[in-house]
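Secondary and tertiary structure notes
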Amino acid sequence: MLIAKSFSNLNFLEIQTLVLLLIVIVTLIIDCRQTLRIKDTPGMRETNIILGPHPRDWAIVVYFSAWVAGLTALVFFYPFAHYVFVSMLIGGIIVLECCVICNNYILGLKL
């Protein structure tokens, strides 16, 4: 468990996981901002099946906040023996989010 350690006693895998967590949070924030702009862009709709085609602002913020809270809890409370799995999971989410952000940018949604 990462929460029980002081930050000065972290090993390389724990530091790597924290860096990945920060990167995924940044990508989720960018995706959230782009999603909030979709409603102001004529002819665009959200393609996330959980949010629906025209989500409200609060639903978007709650959705992305839940992702950030869930991933943060996973990093801080998951047993250390499984940090390789956690790092791979977060890395996969980063790749997915980067693809979504790039696609949104190509469609005209700025960062």
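Scroll up a little and you will see the structure.
This text gives an overview of the structure that appears in the document. (Residues numbered from 1 in each chain as written. Predicted model: local features only at pLDDT ≥ 70, side-chain atom pairs only at ≥ 80, totals over all residues. Heavy atoms only, no water.)

Comments concerning the overall build of the protein
A count of helical and extended segments in the protein gives 3 helices and 0 strands. The N-to-C order of helical and strand elements in the protein reads α-α-α. With the C-alpha coordinates of the protein rotated into their principal frame, the extents come out at 50 × 25 × 20 Å. A total of 111 residues make up the protein; the buried ones form 34% of that total. Considering only residue pairs separated by 6 or more positions, the protein has 69% of its internal contacts joining residues 24 or more positions apart. Only carbon and sulfur atoms are counted for the fraction: they give 73% of the accessible area of the protein, which is about 6900 Å². (Helix = DSSP H or I, 4+ residues; strand = E, 2+ residues; numbered from the N terminus. Buried < 20%, exposed > 50% of the residue type's maximum accessible area, 1.4 Å probe, protein only. Contact = heavy atoms within 4.5 Å. Areas by Shrake-Rupley, 256 points an atom, 1.4 Å probe, with all protein chains shown as cover.)

Side note on the pattern of salt bridges
Applying the stated criterion across every chain, the model contains 2 salt bridges. One connected set of salt bridges, linked through shared partners, spans Lys39, Asp40 and Asp57. (Salt bridge = Lys/Arg side-chain N within 4 Å of Asp/Glu carboxyl O.)

Focus: the side chain of asparagine 48
Looking at the secondary structure, you find asparagine 48 in the loop between helix H1 (12–38) and helix H2 (57–77). Look at asparagine 48 and you get buried, because its relative accessible area is 18%. A polar contact is formed between the side chain of asparagine 48 and the backbone nitrogen of isoleucine 50, at a distance of 2.8 Å. (Polar contact = N/O pair within 3.5 Å; in protein donor to acceptor, adjacent residues only side chain to side chain.)

Observations concerning the nonpolar core
Among the nonpolar cores identified, the biggest contains 19 residues, and Leu21, Val24, Phe64, Leu71, Val75 and Ile90 are the most heavily contacted of them. Elements with a contribution of two residues or more to this core: H1, H2 and helix H3 (83–106). Take this core: its biggest share by element is 7 residues, from H1. Excluding anything up to four places from it in sequence, valine 24 contacts Leu71, Ile90, Ile93 and Ile94. (Core = buried A, V, L, I, M, F, W, Y, C linked by side-chain atoms within 4.5 Å.)

Focus on the packing of H1 against H2
At a minimum axis distance of 10 Å, the contact between H1 and H2 shows a crossing angle of 175°. As summarised for this structure, H1 and H2 are arranged roughly antiparallel, according to the angle between their axes. Taken together, the residues of H2 that come into contact with H1 (itself represented by Thr17, Leu18, Leu21, Val24, Ile25, Leu28, Asp31, Cys32, Thr35 and Leu36) are Asp57, Ile60, Phe64, Trp67, Val68, Leu71, Thr72, Val75 and Phe76. Counted by class, the contact of H1 with H2 contains 14 nonpolar, 3 polar and 2 charged residues. (Axes fitted to C-alpha atoms, helices over the stretch in contact; angles between N-to-C directions. Parallel < 35°, antiparallel > 145°, perpendicular 65-115°, else oblique. Nonpolar A, V, L, I, M, F, W, Y, C, P; charged D, E, K, R; others polar.)

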